[in-house]
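Here is how the chains run, residue by residue.
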Amino acid sequence: MATGDVLEPEQPAQGWHAASWRQRPAGQQPLWPDDEALKRVEAQLAGLPPMVFAGEARRLTASLAAVSSGKAFLLQAGDCAESFGEFSADSIRDKLKVILQMAVALTYAAGVPVVKVGRIAGQFAKPRSSDTEEIGGVRLDAFRGHMVNDEAFDPEARRPDPERLITAYHQSVSTLNLLRAFTKGGFADLSQVHAWNQEFVLSSSEGRRYETVAGEIDRALRFMAACGIDLGAEDGLHQVDFWTSHEALILPYEEALTRQDSLTGDWVDCSAHMLWVGERTRQLDGAHVEFLSGVINPLGAKLGPSATPDDVVALCARLDPDRTPGRLTLITRFGAGRVEELLPPLLDAVRAEGHPVVWQCDPMHGNTFTSDGGRKTRRFDDILAELRSFFAVHRGAGTWPGGVHVELTGDNVTECLGGAEEIFEDDLDQRYTTTCDPRLNARQSLDLAFRIAELLRA
Ligand code: PEP
Ligand code: CO
């Protein structure tokens, strides 16, 4: 991979093209053992059909533009890392179901549309803090997500295999196909999603807190029906738009799926509707920012505690030079105790530069720690605390707390601590199945959604 000539960070590469990232240093790339095999896979991917098309990316940008001006709210959620092993219609359905349930509670509370984006159908690659992992004196390549290698601690499993890019493509295609069927074919019907929420409210202690909200939604639905609106026939109540997203990490994959829109000449990364750049790869002069700067998809950028106002303004200049509403979502992930100190200067700096960004809170990645038993985990209360501070700081600054970004699953896992059903450290081993970071289970996710609903209404 050519990473020789490094250009000035503030300027786009001379004439952006889908491969111009290759002239920049690319962090977090696997050392593919066989260059020729990688090239063959790239050529194969380049000949496969796109997963999304330009008009969809533009439509999502328009929806996010409404978020940037306070007229909508963004819910982005899904696995930390999708898995080749846990791939089934049921798990896709259950994840979609919990996200739709959360969205109904948020829509009602916010009184504005909720833009629903999954970390799904392509979220297969992980940045790692160390290139290698050592256990008992044995050192192997780090696990980088199923798009690259396997998590088993075994030299063969950890060897990066480009054929996995093809498997990731096909799994993404069938996941997206099912999502499209579910969201347009009746599964997302508002009355049905509301009925699931009522089940949650009535069947659990944490749910009972939300009886009032659920009751209000119920009355709103009955009011509409009484007015003669056929709830089952109205497309707006029967179908939803559900968008896909992932971290654009493995750049040969993203490049191969980048296509030119024949109508406008725009370049679109057709691997997903929305792409984001991670906390570890957002360097201004780096390959990831270069690549994303040239595609028209709406973008996200993760911002950790080290992000200074100058960094963020420069990143906005690279990724949103035209100040396009909805183009850029800034995803802060500071950790519960740090939001009050770190967020206000960023809000001021970005506002002064006039970038119409979406501000989104990722309350997960700044709150991860290892339990005494050696499990990576997060406390429900820390997640909630970061969200509370995010809403409070935005209220104080007069900016719109535009959205949340969470890692969750529809399964009944025991990966995050707390929540009303009180998962303790001793419980973590019971159902800890994540391929990477700890996820909220379905009940914790709904509990969180109703709490965010309270914050939105406060
Ligand atoms: C992630 O979203 O899974 C992730 C790795 O996040 P970050 O880049 O914020 O650490
Ligand atoms: Co994660």
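Fair warning: this is a prediction, and the values are worked out from it, not measured in the lab.

A. Focus on the overall build of the protein chain. Looking only at helices and strands, the protein chain has 15 helices and 14 strands in total. Radius of gyration (C-alpha) of the protein chain: 21 Å, near the 23 Å computed for a compact globule of 458 residues. Considered along the principal axes of its C-alpha atoms, the protein chain spans approximately 65 × 50 × 45 Å. Residue pairs at least 24 apart in sequence account for 75% of intrachain contacts in the protein chain once pairs closer than 6 positions are excluded. Here the protein chain carries 46 positive and 67 negative side-chain charges, and the mean point of each set is 3 Å from the other.

B. A look at the coordination of the cobalt ion (ligand 2). Protein coordination of the cobalt ion (ligand 2) is provided by Cys80 (SG), His365 (NE2), Glu407 (OE) and Asp437 (OD), with donor distances spanning 2.1 to 2.4 Å. Overall, histidine 365 belongs to the buried group, its relative accessible area being 18%.

C. Here's a closer look at the packing of aromatic side chains. A complete count under the given rule lists nine aromatic pairs for this structure. Taken together, the aromatic side chains of Trp16, Trp267 and Phe291 make up a single cluster linked through ring pairs. The ring of tryptophan 196 carries the charged tip of lysine 97 above its face, separated from the ring centre by 4.8 Å.

D. Main features of the packing of helix H3 (residues 89–110) against helix H6 (residues 190–203). Closest axis-to-axis distance for the H3/H6 pair is 9 Å, and the angle between their directions is 95°. Between H3 and H6, the angle falls in the class roughly perpendicular. Of H6, the residues touching H3 (which contributes Lys97, Leu100, Gln101, Val104 and Ala105) are Leu190, Val193, Trp196 and Asn197. Partitioned by chemical class, the residues of the contact of H3 with H6 number six nonpolar, two polar and one charged.

E. Looking closely at the side chain of aspartate 269. Position of aspartate 269 relative to the elements: it lies in strand E7 (residues 267–269). Arginine 259 provides the closest opposite charge to the buried, salt-bridge-free aspartate 269, at an N-O distance of 8.1 Å. At 2.9 Å, the side chain of aspartate 269 forms a polar contact with the side chain of serine 271. Beyond its immediate chain neighbours, meaning those up to four positions away, aspartate 269 contacts Val52, Glu254, Leu257, Thr258, Leu275, Phe291, Val295 and Asn297.

F. Just the sheet that holds strand E9 (residues 299–303), in detail. Read around the closed barrel, the eight strands follow the order E1-E2-E5-E8-E9-E10-E11-E14; overall the barrel is parallel. Across the sheet, the mean angle separating the axes of adjacent strands is 25° when strand polarity is ignored. The sheet contact formed by strand E8 (residues 274–277) and E9 spans three bridges and is parallel. Note that in E9 the partner of leucine 275 across the bridge is leucine 299.

G. Up close: the site of ligand 1. In the region of ligand 1, the neighbouring residues are Cys80, Arg119, Lys126, Pro127, Trp276, Gly278, Glu279, Arg280, Lys302, Arg333, His365 and Glu407. Glutamate 279 has a polar backbone atom sitting 2.9 Å from an oxygen atom of ligand 1. Between glutamate 407 and ligand 1, the recorded distance is 3.1 Å, taken from a side-chain N or O atom to an oxygen atom. Its free accessible area being 300 Å², ligand 1 has 98% of it covered by the protein chains. Partitioned by chemical class, the residues of the shell around ligand 1 number three nonpolar, two polar and seven charged.

H. Expanded view of unusual backbone geometry. The backbone of alanine 121 sits at a positive phi, close to 60°, despite the residue not being glycine. Residue position: alanine 121 is located in the loop between strand E2 (114–119) and strand E3 (132–135). At arginine 323, a position not held by glycine, the phi torsion is positive, near 55°. With respect to the helices and strands, arginine 323 occurs in the loop between helix H12 (309–319) and strand E10 (328–332). Note on arginine 323: relative accessible area 35%, which makes it partly exposed.

I. Summary view of helix H13 (residues 339–353). Here H13 is 15 residues long and its end C-alpha atoms lie 21 Å apart, about the 21 Å a rise of 1.5 Å per residue gives. Residues of H13 that are buried include every one of Val339, Leu342, Leu343, Leu346, Leu347, Ala349 and Val350, and no others. Tucked into the core, H13 has its buried residues touching E9, H12, E10, strand E11 (358–361) and helix H14 (380–397). At the C-terminal side of H13, glycine 354 shows a positive phi close to 75°.

J. Looking closely at the environment of glycine 418. Looking at where glycine 418 falls in the secondary structure, it is placed in the loop between strand E14 (403–407) and helix H15 (442–457). Of the residues examined, glycine 418 reaches a relative accessible area of 16% and is grouped as buried. Sequence separation between glycine 418 and isoleucine 99 is 319 residues; the distance between their C-alpha atoms is 20 Å. Setting aside residues up to four positions removed in sequence, glycine 418 forms contacts with Phe380, Ile423 and Gln444.

K. Structural context of the pairing of E11. Side-chain alternation along E11 places Val358 and Gln360 on one buried face and Trp359 and Cys361 on a second face that is also buried. Of the pairings in the sheet, the one linking E10 to E11 comprises four bridges and is parallel in character. In the strand pairing of E11, isoleucine 331 is matched with glutamine 360. Crossover connection from E10 via H13 to parallel E11: handedness right-handed.

Rules and cut-offs
- Residues numbered from 1 in each chain as written.
- Chains lettered and ligands numbered in written order.
- Predicted model: local features only at pLDDT ≥ 70, side-chain atom pairs only at ≥ 80, totals over all residues.
- Heavy atoms only, no water.
- Helix = DSSP H or I, 4+ residues; strand = E, 2+ residues; numbered from the N terminus.
- Rg over C-alpha atoms; globule rule 2.2 N^0.38 Å.
- Contact = heavy atoms within 4.5 Å.
- Lys, Arg positive; Asp, Glu negative; His and termini not counted.
- Charge placed at Lys NZ, Arg CZ, Asp CG, Glu CD.
- Donors = N, O, S within 2.8 Å, 3.2 Å for Na, K, Ca; no water.
- Buried < 20%, exposed > 50% of the residue type's maximum accessible area, 1.4 Å probe, protein only.
- Phe/Tyr/Trp six-rings, centres within 6.5 Å; stacked < 30°, edge-to-face > 60°.
- Lys NZ or Arg CZ within 6 Å of the ring centre and 35° of its normal.
- Axes fitted to C-alpha atoms, helices over the stretch in contact; angles between N-to-C directions.
- Parallel < 35°, antiparallel > 145°, perpendicular 65-115°, else oblique.
- Nonpolar A, V, L, I, M, F, W, Y, C, P; charged D, E, K, R; others polar.
- Salt bridge = Lys/Arg side-chain N within 4 Å of Asp/Glu carboxyl O.
- Polar contact = N/O pair within 3.5 Å; in protein donor to acceptor, adjacent residues only side chain to side chain.
- Pairing = 2+ DSSP bridges.
- Near = heavy atom within 4 Å.
- Areas by Shrake-Rupley, 256 points an atom, 1.4 Å probe, with all protein chains shown as cover.
- Expected span 1.5 Å × (residues − 1).
- Right-handed = clockwise from strand over helix to strand, strands pointing away.

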